[in-house]
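Results of the structural survey
Take a look at the letters that make up each chain.
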Amino acid sequence: KRGIHIEGLSKCYGKGDTAVYALKDVNMVVAPGEVVGLIGPSGSGKSTLLKSLGAVISPTAGRMTLGDDVIYDNGWKVKDLRALRRDKIGFVFQAPYLIPFLDVTDNVALLPMLAGIPNAESRQRALNLLTALDVQHRAKAMPSQLSGGEQQRVAIARGLVNRPPVILADEPTAPLDSERAMAVMCILNDMAKKFETAIIVVTHDEKIIPTFKRIYHIRDGVTYEEAGEGRGYD
Ligand code: ADP
Ligand code: ADP
């Protein structure tokens, strides 16, 4: 069983009178090769769901599998969450968090290098993605020299470079113009198809919403799926 499977996931912050259920019995399936949107107002539970998916916080109840790994099953967790996060999940955060003392290429090449891929090949993979994201001319620049949009594209390259089975993207296109936002969605869709990646994109960005075949909405910790009729992106 691959992709992302969530069944009956709940998360409660606090106890007793101050308990807040940020997620209430969430069910979600993202197949390998699929890119789904996740949309909800502030305070609806998006961050909590993304952090649960990224194995950054533990849910209170429920079951979750990513790729071949069972991450949670009512209290049961995989032993090496760090290795899981490094090898199996590609994170694309809103704030790019690039490493300031590495140039753009090495920021992207670092993860494959850490995974044991030879440096030259790691850098080649990084350059291929930087080219696909139209930021190859900044390959030798330091992160502080980049514009916000360029930093974001480098962060996207870094999230994709290890071809993880799962990618979690939080507002990946927010600082980008229409053309670049659509280019990023094309790359995510191509990656998903080519490498059977399951991708979740949290977004408010009206420009990219029509690209999703399926969207999950979240409100007060409850998710529901929008019917895919009329959606299409091929
Ligand atoms: P979103 O990302 O959609 O803004 P969050 O997942 O951050 O939503 O928050 C969902 C709900 O859980 C909100 O009511 C929020 O106040 C609450 N919440 C989030 N994190 C915590 C926390 N660490 N402790 C207590 N309550 C929290
Ligand atoms: P975002 O929507 O970007 O997550 P938030 O303001 O919702 O920003 O949350 C910022 C941080 O504060 C998150 O780590 C979240 O878990 C935490 N947080 C949110 N609401 C609460 C709360 N009611 N009590 C404690 N921590 C909270």
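Residues numbered from 1 in each chain as written. Chains lettered and ligands numbered in written order. Predicted model: local features only at pLDDT ≥ 70, side-chain atom pairs only at ≥ 80, totals over all residues. Heavy atoms only, no water.

An unreviewed UniProt entry annotates the protein chain as ABC transporter related ATPase subunit of Oleispira antarctica RB-8.

Of note, the phi angle at Glu171 is positive, near 50°, even though the residue is not glycine. With respect to the element layout, Glu171 can be found in the loop between strand E8 (166-170) and helix H6 (178-195). The exposure class assigned to Glu171 is buried, which follows from its relative accessible area of 7%. (Helix = DSSP H or I, 4+ residues; strand = E, 2+ residues; numbered from the N terminus. Buried < 20%, exposed > 50% of the residue type's maximum accessible area, 1.4 Å probe, protein only.)

It is worth spelling out the side chain of Asp106 at this point. Here Asp106 shows up in helix H3 (residues 104-114). For Asp106, the residues in contact, after removing those within four places along its chain, are Met113 and Arg123. (Contact = heavy atoms within 4.5 Å.)

Another aspect to go through is the packing of aromatic side chains. Under the criterion given, the structure shown has two aromatic pairs. Consider the rings of Phe91 and Phe93, whose centres lie 5.5 Å apart with planes at 10°: the pair is stacked. Both rings, one in Phe93 and one in Tyr97, keep their centres 5.8 Å apart while their planes meet at 85°; by these two values the pair is edge-to-face. Overall, the relative accessible area of 37% leaves Phe93 in the partly exposed class. The class of Tyr97 is exposed, set by a relative accessible area of 61%. An aromatic cluster of at least three residues, connected via ring pairs, comprises Phe91, Phe93 and Tyr97. (Phe/Tyr/Trp six-rings, centres within 6.5 Å; stacked < 30°, edge-to-face > 60°.)

So, about the environment of Val26. Within the secondary structure, Val26 is located in strand E2 (residues 20-30). Using a relative accessible area of 0% as the deciding quantity, one classes Val26 as buried. Residues Val26 and Lys207, 181 residues apart in the sequence, show an inter-C-alpha distance of 27 Å. Ignoring anything within four residues of it in the chain, the contact list for Val26 reads Ile6, Glu7, Gly8, Leu9, Leu49, Gly221 and Thr223.

Attention shifts here to the packing of helix H5 (residues 148-160) against H6. It is at 12 Å that the axes of H5 and H6 come closest, and there the two elements cross at 5°. When the interaxial angle is binned, H5 and H6 end up roughly parallel. Along its contact with H5, which presents Arg153, Ile156 and Leu160, the element H6 presents Arg180, Val184, Ile187, Leu188 and Met191. Residues of the contact of H5 with H6, tallied by class, amount to six nonpolar, no polar and two charged. (Axes fitted to C-alpha atoms, helices over the stretch in contact; angles between N-to-C directions. Parallel < 35°, antiparallel > 145°, perpendicular 65-115°, else oblique. Nonpolar A, V, L, I, M, F, W, Y, C, P; charged D, E, K, R; others polar.)

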